[in-house]
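Fold and contact review
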Amino acid sequence: MFLGLQWYWWLVIVAVLVISVPFKVKFMKWWAGRQQEQKGQRGKWGEEE
């Protein structure tokens, strides 16, 4: 088969990718919101750049 893998391994790889993509999108939205929240909380002693 392609790259020496059997067909069922390709099904496993595709299934893992299909399952992981929505979790990654959800995590990226959560991370962006968290960054915005932390950016607003920096005060006198915060990390100012």
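So, about the overall build of the protein. Secondary structure assignment for the protein yields 1 helix and 0 strands. Counting only residues that meet the buried cut, the protein has 0% of its 49 residues in that class. With the model as given, the accessible surface of the protein reaches about 5100 Å², and the carbon-plus-sulfur share is 67%.

According to the stated counting rule, one finds 5 aromatic pairs in the structure shown. Residues tyrosine 8 and tryptophan 9 carry aromatic rings whose centres are separated by 5.8 Å and whose planes lie at 50° to one another, so their mutual orientation is tilted. Since its relative accessible area comes to 41%, tyrosine 8 is described here as partly exposed. On the numbers, 6.0 Å between centres and 25° between planes, the contact of phenylalanine 27 with tryptophan 31 is stacked. With phenylalanine 27 and tryptophan 31 both in helix H1 (residues 7–41), this residue pair falls 4 residues apart, about one helical turn. Classification of phenylalanine 27 as partly exposed rests on a relative accessible area of 42%. Through a chain of ring-to-ring contacts, three or more aromatic side chains come together here, namely Trp7, Tyr8 and Trp9.

Taken together, the side chains of Trp7, Tyr8, Trp9, Leu11, Val12 and Val16 make up a nonpolar region of the molecular surface, amounting to roughly 640 Å² of accessible area. Relative to the helices and strands, tryptophan 7 is located in helix H1.

Below, the discussion takes up H1. Given a rise of 1.5 Å per residue, 35 residues ought to cover 51 Å, and the 51 Å separating the end C-alpha atoms of H1 matches this to within 8%. Of all the bends found along H1, the most pronounced is centred on serine 20 and spans about 25°, while proline 22, a proline, follows it within four residues.

Calculation rules
- Residues numbered from 1 in each chain as written.
- Predicted model: local features only at pLDDT ≥ 70, side-chain atom pairs only at ≥ 80, totals over all residues.
- Heavy atoms only, no water.
- Helix = DSSP H or I, 4+ residues; strand = E, 2+ residues; numbered from the N terminus.
- Buried < 20%, exposed > 50% of the residue type's maximum accessible area, 1.4 Å probe, protein only.
- Areas by Shrake-Rupley, 256 points an atom, 1.4 Å probe, with all protein chains shown as cover.
- Phe/Tyr/Trp six-rings, centres within 6.5 Å; stacked < 30°, edge-to-face > 60°.
- Patch = residues over 30% accessible without salt bridge, like charges linked within 9 Å, V, L, I, M, F, W, Y side chains within 5 Å.
- Salt bridge = Lys/Arg side-chain N within 4 Å of Asp/Glu carboxyl O.
- Expected span 1.5 Å × (residues − 1).
- Bend = angle between axes of the 7 residues up to and from the residue.

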